[in-house]
Amino acid sequence: MTMHYGGDYNPEQWPEAVWYDDVRLMREAGVTMVSLGIFAWSRIQPAEGVFDWEWLDTVIDLLHEGGIAVDLATATASPPPWATTAYPQMLPQDENGATYWPGSRQQFAPSSPEYRRLAAELVTALAERYAKHPAVVMWHVNNEYGCHLNYDYSDNAAVAFRAWLAAKYETIDALNDAWGTDFWSQRYTSFEQIVPPRKAPYSRNPAGELDFKRFTSDTLLELFLMEKRIIRAAGATQPVTTNFMGAFPPADYWRWAREMDVITDDNYPDPNDPESFRASAFARDLMRSLKPETPWILMEQATNALNWRPTNAPKAPGQMAALSMQAIARGADGIMFFQWRQSRAGSEKFHSAMLPQAGTRTRTWREVVDFGAELAALPELPVGARDAHVAIVLDWQNWWALENPDHPAVLDYLALVQRWYAAIHRQHVQVDIVQPTSDLTGYGVVIAPQLYLLTSDAAANLIAFAESGGHLLVTAFSDIVDENDAFRDGGYLTQLGRTLGIWLEDFGALVVPGGDGPGQSAAPFDLVGTTVTGTLLAEEIHLDGAAALGRFVGGRLDGRPAFTVNPVGAGRAYYLATIPDDEGCAAVAAAIFAAADIHPVAFGLPDTVEAIRRGDAVTLINHGTHTVTLPDGATLEPFGYVMLRDGE
């Protein structure tokens, strides 16, 4: 096992004399790899057709001599001023037609032919020069695709979107049928009439919005694949990756993961939020789940404070190491940071680094050095094991459809998925994140929150899981539309209704919790002798073979079914006709876990201590601010952790 340790290295920001000191200090800190050149396009290529290799040769050779490997970036994330001056048509635009100008980063239209040509020329030159360099162990394509420019609505995007649509639908009549364009006189007679979903007087076509999001994800992926092909054509055999950003809406990471040699992720939990470690745990489980047979890398995190929140709190002593161990326990074989040396100028100069502006007398530096030594002493850890018996469904296509307006209630899909995750995390039950079409063999429980858009393949897969002995939980506002965001014939739950043993009449929108408007804002229901609070929706469902495990208490649906179960094949299918609050999710999950014989990774732990299994290794981490006593009498200090092997 190779456990990478290091961070983004930006030597172009410093004079050459500093580079030698950097390598010396990297060795002291236990650094094994750095990501090099991510934003160095203007330094590598000062003019079109002109390349300056001397400084980069020197840096790579220095790192290699110091025993430090290089994750070499293609530098295409931020075009230099000469490029956008010469080719202003490569600049992106927002939905109002306003141009995003140079002076920041990601100032390029992903579908721009000029950008693609210039990026290809740069990557070709880089790959041909460094493909065989012994220091280069990985290639880092671009950086955080779509992070600051989620969507481009420029004329470049319009041309590319039309071509994408023509390839998908082949005929304009097929598109009209899929988009339902007879509504509001939107029928097209040519693909040339279609524009991206720019500013409009009112709601835009939901199927068009959905396809534009698919197009955007595909277009960004095209850029990655273009660069990867160039790297491979130059003879490079090293893994090729780009850094993800947790559950990031504009890019369908399930689709992207198939093209990644190794998954890498950037993650920045907020030290001001005592619950942020659960969100970071969710991101780590997602990264592991995207490519479970291959260890992933935590490519970016902060050693201490950030610079881009309204208040940028420092990490507590030990918190950096605790969050790093959280990633390792969830399958990471690399812990990296943004960045190695804190910048002295620019927008991110207040962002912490491995080597702080305040120098080597700092707590941050001591923690960096200590953790580097700890990583070097880690034992071999297993790879690719499926240690979870519970899965939560996260589907990007559904996410995009739920983002469209004009629904019975506004639903924040990611927040609702993470609500279920957090409720289960507090019970110390390990979770995988899956697609609705994933292989679900081996799971005891699958929870599918708000699968509003459900394809026929996905529905068949979920049904097969239940019939083969699994416990499937489907929640409110699921199986409503097809892949074009259109109703199917026959009402709602047209695919899952028979398996669930119910039929759905109405969605029963509730007032948002804490809202000022009149009306019912909560829908309590009974469950195993207690009362659980439902929010946002209280659906009117009818039993059609299922049994009611819980019924609404009070309100307009008093006595009507709220939580049901239906035996199907060798398993059970549950339906929840509302969206529980945090405590409600925990109660529902616990009831299903009891029925499915699901057990926590470890028993008797407070909910600030997480327990993660990686093969035969179980890691316990105390994310709380107080010392806790474990069931065996041992103690964990705040942000302390211990890794135990089975039998210990």
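Please read all numbers here as calculations on a predicted model, not as lab measurements.

What counts and how
Residues numbered from 1 in each chain as written. Predicted model: local features only at pLDDT ≥ 70, side-chain atom pairs only at ≥ 80, totals over all residues. Heavy atoms only, no water. Helix = DSSP H or I, 4+ residues; strand = E, 2+ residues; numbered from the N terminus. Rg over C-alpha atoms; globule rule 2.2 N^0.38 Å. Buried < 20%, exposed > 50% of the residue type's maximum accessible area, 1.4 Å probe, protein only. Lys, Arg positive; Asp, Glu negative; His and termini not counted. Salt bridge = Lys/Arg side-chain N within 4 Å of Asp/Glu carboxyl O. Pairing = 2+ DSSP bridges. Axes fitted to C-alpha atoms, helices over the stretch in contact; angles between N-to-C directions. Phe/Tyr/Trp six-rings, centres within 6.5 Å; stacked < 30°, edge-to-face > 60°. Lys NZ or Arg CZ within 6 Å of the ring centre and 35° of its normal.

Draft legend 1. Broad picture of the overall build of the chain. Within the chain, the regular secondary structure consists of 17 helices and 26 strands. A compact globule built from 648 residues would reach a C-alpha radius of gyration of about 26 Å, and the chain, at 26 Å, matches this within 12%. By its C-alpha atoms, the chain is 75 × 75 × 45 Å across when sized along the principal axes. Among the 648 residues that make up the chain, the fraction classed as buried is 59%.

Draft legend 2. Spotlight on the side chain of Glu-539. Summarising the element assignment, Glu-539 is placed in the loop between strand E16 (530–538) and strand E17 (540–543). As a buried residue without a salt bridge, Glu-539 has its nearest oppositely charged side chain in Arg-556, at a separation of 11 Å.

Draft legend 3. The sheet that holds strand E22 (residues 609–614), seen in detail. Across the sheet, three strands lie side by side as E22-E23-E26; this open sheet has antiparallel pairing. Each end of this open sheet is capped by a strand with a single partner; those strands are E22 and strand E26 (641–645). Each strand axis lies, on average, 15° off the axis of its neighbour in the sheet, ignoring direction. Pairing geometry for E22 and strand E23 (residues 617–622), over six bridges, is antiparallel. Among the inter-strand pairings, Arg-614 is bridged to a residue of E23, identified as Ala-617.

Draft legend 4. Looking closely at the packing of aromatic side chains. This model, assessed by the stated rule, comprises 34 aromatic pairs. Here Tyr-253 and Trp-396 contribute two aromatic rings whose centre-to-centre distance is 5.7 Å and whose plane-to-plane angle is 50°, an arrangement assigned as tilted. Placement of Tyr-253 in helix H9 (residues 253–257) and of Trp-396 in helix H13 (residues 396–403) is noted, with a sequence separation of 143 residues between them. By relative accessible area, Tyr-253 is classed as buried at 2%. For the pair Phe-282 and Tyr-421, a centre-to-centre distance of 5.2 Å together with 80° between the ring planes defines the contact as edge-to-face. Taken together, the residues span a long stretch of sequence, with Phe-282 in helix H10 (residues 276–290) and Tyr-421 in helix H14 (residues 413–425) at a distance of 139 residues. Take Phe-282 and Tyr-421: they sit in the same class, and that class is buried. Here a set of aromatic residues connected by ring pairs shows up, and it is made of Tyr-145, Phe-224, Phe-244, Phe-248, Tyr-253, Trp-256, Trp-396, Trp-399 and Tyr-413. Here Arg-341 stacks its cationic end above the ring of Trp-14, 5.2 Å away from the centre of that ring.

Any functional reading would require information beyond the geometric quantities listed.
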